[in-house]
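# Examining the three-dimensional arrangement
As a plain string of letters, each chain reads:
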Amino acid sequence: MPRLRLRHAVRAALAALVPLALLGAVTGPAHAAPAAWPEPVPVVSHVETTDPVVFITIDDGWYHDPAAAKLLLDRRVPASLFLLPGAYSYDSGYFHTLLDQGRSRVENHTVNHPDLTTLDATGQKAEACGARDQHLAQFGDGPRLLRPPYGTFDETTRTTARACGAKALVTWTYDLTTWGRWTPPTPRLKAGDIVLLHFNETVTQDLRRALDAAEAAGLTPAPLRDYIPG
Ligand SMILES: [Zn+2]
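Our subject in this report is the structure included herewith. Sequence positions are assigned chain by chain, starting from 1 and proceeding in written order. With the structure being a predicted model, the display of local features is reserved for residues of pLDDT at least 70 and the display and counting of side-chain atom pairs for 80 or more, all residues being used for whole-chain, interface and lining totals. Side-chain figures throughout are based on the complete set of non-hydrogen atoms in the structure, without hydrogens or water.

Quick look at the overall build of the protein chain now. Helical segments are the DSSP runs of H or I of at least four residues, strand segments are the runs of E of at least two, and each set is numbered from the N terminus. Secondary structure assignment for the protein chain yields 7 helices and 9 strands. Across the 230 residues in the protein chain, those meeting the buried criterion constitute 46%. The contact rule is simple, with two residues in contact once any of their heavy atoms fall within 4.5 Å. For the protein chain, long-range pairs separated by at least 24 residues make up 72% of all intrachain contacts whose partners lie at least 6 apart in sequence. Only carbon and sulfur atoms are counted for the fraction: they give 56% of the accessible area of the protein chain, which is about 11,500 Å². Burial here depends on accessible area, computed with a 1.4 Å probe over protein chains only, as a share of the maximum for the residue type. Under 20% is buried, over 50% is exposed, and the range in between is partly exposed. Calculation of accessible area relied on Shrake-Rupley with a 1.4 Å probe; when residues are assessed, cover is drawn exclusively from the protein chains displayed.

Bringing the pairing of strand 2 (residues 53–60) into the picture now. Strand residues, when the strand is regular, have side chains that alternate between the two faces of the sheet. The buried count for strand 2 comes to 8 of 8 residues, which makes it a mostly enclosed element. Two strands form a pair only when DSSP identifies at least two bridges running between them. Relative to strand 3 (residues 80–83), strand 2 runs parallel, the two being bridged by 4 bridges. In the strand pairing of strand 3, threonine 57 is matched with serine 80. By definition, the crossover connecting two strands over a helix is right-handed if that path, from the first strand to the second, turns clockwise as seen with the strands pointing away from the viewer. Note on the crossover from strand 2 through helix 2 (residues 66–74) to strand 3: the handedness is right-handed.

So, about helix 4 (residues 93–101). Here helix 4 has its buried residues at Tyr94, Phe95, Leu98 and Leu99. Looking straight down helix 4, one finds its buried side chains confined to an arc of 125°; they lie on one side. With respect to the buried face of helix 4, the exposed residues turned more than 90 degrees away are Asp100 and Gln101. Contacts from the buried residues of helix 4 go to helix 2, strand 3, helix 3 (85–88), strand 4 (105–108) and helix 5 (121–139). By construction, the arc corresponds to the directions joining the helix axis to the C-beta atoms.

Turning our attention to a nonpolar patch on the surface. A residue counts toward a patch only above 30% relative accessible area and without a salt bridge, and it is joined to like-charged neighbours within 9 Å or, for Val, Leu, Ile, Met, Phe, Trp and Tyr, to nonpolar neighbours within 5 Å. Whenever Lys or Arg places a side-chain nitrogen within 4 Å of a carboxyl oxygen from Asp or Glu, that contact is recorded as a salt bridge. A cluster of nonpolar side chains, namely Trp62, Tyr63 and Tyr90, defines an oily patch on the protein surface of about 350 Å² accessible area. If you trace the backbone, tryptophan 62 turns up in the loop between strand 2 and helix 2.

To get an axis, fit a line to the C-alpha atoms, keeping to the stretch in contact for a helix; angles then go from 0 to 180 degrees between the N-to-C directions. Where helix 2 contacts helix 7 (residues 203–216), the two axes come as close as 8 Å, and the packing angle between them is 25°. With respect to helix 7, the axis of helix 2 lies roughly parallel. Here Ala67, Ala68, Leu71 and Leu72 of helix 2 lie close against helix 7, whose contacting residues are Val203, Thr204, Leu207, Arg208 and Leu211. With respect to orientation, any angle under 35 degrees is reported as roughly parallel, any angle over 145 as roughly antiparallel, any angle of 65 to 115 as roughly perpendicular, and every other angle as oblique.

Overall, the coordinates contain 8 salt bridges when judged by the stated rule. Of the charged contacts in the structure, one is a salt bridge between lysine 70 and aspartate 74, with a shortest N-O distance of 2.6 Å. On the criterion of helical spacing, the pair formed by lysine 70 and aspartate 74 is a turn pair, its members being 4 residues apart in helix 2. Salt bridges sharing common partners tie together Glu107, Asp141 and Arg225.

Attention now moves to the packing of helix 2 against helix 4. Helix 4 packs onto helix 2 with a crossing angle of 5° between their chain directions and a minimal axis gap of 10 Å. Relative to helix 4, the element helix 2 is oriented roughly parallel. Judged by residue contacts, Pro66, Ala68, Ala69, Leu72 and Leu73 of helix 2 engage Tyr94, Thr97, Leu98 and Gln101 from helix 4. Lys, Arg, Asp and Glu make up the charged group, whereas Ala, Val, Leu, Ile, Met, Phe, Trp, Tyr, Cys and Pro make up the nonpolar group; the residues left over, Gly among them, are polar. Looking at the contact of helix 2 with helix 4, its residues break down into 7 nonpolar, 2 polar and no charged.

Let us now look at the coordination of the zinc ion. Any N, O or S atom lying within 2.8 Å of the metal counts as a donor, with the limit raised to 3.2 Å for Na, K and Ca; because water is left out of the atom set, some sites can appear incomplete. Protein coordination at the zinc ion: the donors are Asp60 (OD), His109 (NE2) and His113 (NE2), at 2.1 to 2.2 Å from the metal. Each donor residue of the zinc ion belongs to the same chain, with the gaps between them written as D-x48-H-x3-H. Across the pair, histidine 113 and histidine 109 agree in class, each one buried.

As structure tokens, this is what we get:
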């Protein structure tokens, strides 16, 4: 069904429910929710834009490297921080500084970092809405983007993301994280690319490499949530 007609159908279904709710009792057969409600969010691994921009995203949040924070603040990098609540439970000040004094934003990466495809709708909702609620309580700013752990998701994840306040599932174009002793080759970045980093022991050198690659390509880091409609 075309999206517009689907929206009409959803509205009509909701409108039909209102008088029933007002009566206080549903006497007819139960009204099943339409299959695709709420509307699934888009999946974004690269932003279509002609602006000379790239997007810096940093995940998890376990290692609170002062040098990385200084680099983000000194260069005014609007990073998207896909944090786990556990990673700020022992030191939220590190991230408050990045948000309050810099241009970074906290986004959703679930509560417990599961492979969401192993969970049913209730389990996925607990992970995504639970992280949203904890971010909101801690930082006073609700996440608008959801990065599913490991980049794995299913159709349920796309509707759950919407229900938990996200307007997109965000994966990545390039993972520039150094894992152990292996540093991935630096790609030639293009406008709209999404770079993935992690708050690990090499985050500062990885971030510097990403910023250098952006500069070499004539690109400036931009705030990802502002480039995603919805
Ligand atoms: Zn992660």
